[in-house]
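These are the residues of each chain, in order.
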Amino acid sequence: MTSTEQLARRFVETINERDFDALDALLSPDLVAPPLVVDAPAESFRTGLEMAVASFPDVRLDLDDLLVAGDRAALLLRISATNIGPYRRGAATGQRASWPAVFVLRFAGGQLTELGGVSDRFGCLQQFGLIGSDDEIAAAAPDDPNAGRYLVVDSVALDAAADPDRALELLRHRRTGPAGARVYTARHVDDPRRLIRYAHLAGSREQVSARVAAAGPAATGTSIATYRVVAIDDLP
């Protein structure tokens, strides 16, 4: 009979080896997984893993420690990955990250029946460049809880020789912009050679304007206009 420790190690191996058929066999159809708020956790787990591999092809779980008690196993893991493909928050950043995670597994009849766990999601998103640093996030917090919400917009006119698709991709990889803000880039609806960069900020108009004024140029091959501050509450 396969031991709990062997099953727990096999769980990690199936993920690292991308052996999704073996993973299907290991997951009970009645899997209970509170982190997955769905009707079919087993199917959702595989789908989510496949999506993760598409965005992070080299993702790997390293087992730092393993504690077993009866039919349960606690795994201390270190997850490492490089953001190569698009992720839910935007285009790939090309950054590599490594962060800790803890999984608690329960097995019955040779299958995984319960799955729970936590990971340092905040830390990994910072390392991937998908959210700002601690200092940037602190700078983004408004001093006044009743402060307004603003949209800051930067219009980027491409040089004649610039490739619009390449320029769009380059700008999406750059985090230059108001401190603490995640900057998004999109094509202008009416002019394919003009890109729009925008971010949402909160605070007083003076606070927002000061952070906008400190933002540097975005990229070579483009002419950068000054960020324009628009009060969201004033938009039609």
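Everything that follows concerns the structure shown earlier in this document.
Residues numbered from 1 in each chain as written. Predicted model: local features only at pLDDT ≥ 70, side-chain atom pairs only at ≥ 80, totals over all residues. Heavy atoms only, no water.

Colleague: Sorry, what's going on with helix H1 (residues 4–16) here?
Modeller: Two residues of an α-helix separated by three or four positions point the same way, owing to the 3.6 residues in each turn. Across its 13 residues, H1 extends 19 Å between first and last C-alpha, which sits within 8% of the 18 Å expected from 1.5 Å per residue. Looking at H1, one finds that the buried residues are Thr-4, Leu-7, Ala-8, Phe-11, Val-12, Thr-14, Ile-15 and Asn-16. Residue Arg-18 follows H1 closely and has a positive phi angle near 55°. (Helix = DSSP H or I, 4+ residues; strand = E, 2+ residues; numbered from the N terminus. Expected span 1.5 Å × (residues − 1). Buried < 20%, exposed > 50% of the residue type's maximum accessible area, 1.4 Å probe, protein only.)

Colleague: Just checking my understanding: could you explain the pattern of salt bridges for this structure?
Modeller: Note that side chains of opposite charge can pair when their charged atoms are close. Under the defined criterion, the tally for this structure stands at twelve salt bridges. The closest approach of N and O atoms between Glu-5 and Arg-9, which form a salt bridge, is 3.1 Å. Here the residue Glu-5 and the residue Arg-9 both occupy positions in helix H1, the gap between them amounting to four residues, near one helical turn. Judged by its relative accessible area of 36%, Glu-5 falls in the partly exposed class. Residue Arg-10 pairs with Glu-13 through a salt bridge whose shortest N-O separation is 3.3 Å. Note that Arg-10 and Glu-13 are positioned in helix H1 at a spacing of three residues, about one turn of the helix. Judged by relative accessible area, which is 28%, Arg-10 ranks as partly exposed. (Salt bridge = Lys/Arg side-chain N within 4 Å of Asp/Glu carboxyl O.)

Colleague: Sorry, what's going on with the nonpolar core here?
Modeller: One recurring pattern in soluble globular proteins is that nonpolar side chains are buried together. Core analysis: the biggest nonpolar cluster contains 37 residues, and Phe-11, Leu-75, Leu-105, Leu-112 and Phe-128 have the highest contact counts within it. Per-element accounting of this core gives the leading share, six residues, to strand E4 (residues 96–108). Filtering out sequence-adjacent residues up to four positions away, Phe-128 remains in contact with Phe-56, Ala-81, Thr-82, Asn-83, Thr-93, Gln-95, Arg-96, Ala-97 and Trp-99. (Core = buried A, V, L, I, M, F, W, Y, C linked by side-chain atoms within 4.5 Å. Contact = heavy atoms within 4.5 Å.)

Colleague: Would you mind going over the pairing of strand E2 (residues 60–69) with me for this structure?
Modeller: The side chains of a regular strand alternate between the sheet's two faces. Direction of pairing for E2 relative to strand E3 (residues 72–82): antiparallel, over a ladder of nine bridges. Its bridge partner lying in E3, Arg-60 is registered against Ser-80. Linkage of E2 to E3, two consecutive antiparallel strands, is achieved through a turn of two residues, within which Gly-70 is found at a positive phi near 65°. (Pairing = 2+ DSSP bridges.)

Colleague: Can you walk me through the environment of Val-59 in this structure?
Modeller: With respect to the helices, strands and loops of the structure, Val-59 is situated in the loop between helix H3 (41–55) and E2. On the basis of relative accessibility, which here comes to 12%, the residue Val-59 falls in the buried class. Along the chain, Val-59 and Thr-82 lie 23 residues apart, while their C-alpha atoms are 6.9 Å from each other. If we ignore the near neighbours within four places in the chain, the residues touching Val-59 are Asn-16, Arg-18, Val-53, Ile-79, Ser-80 and Ala-81.

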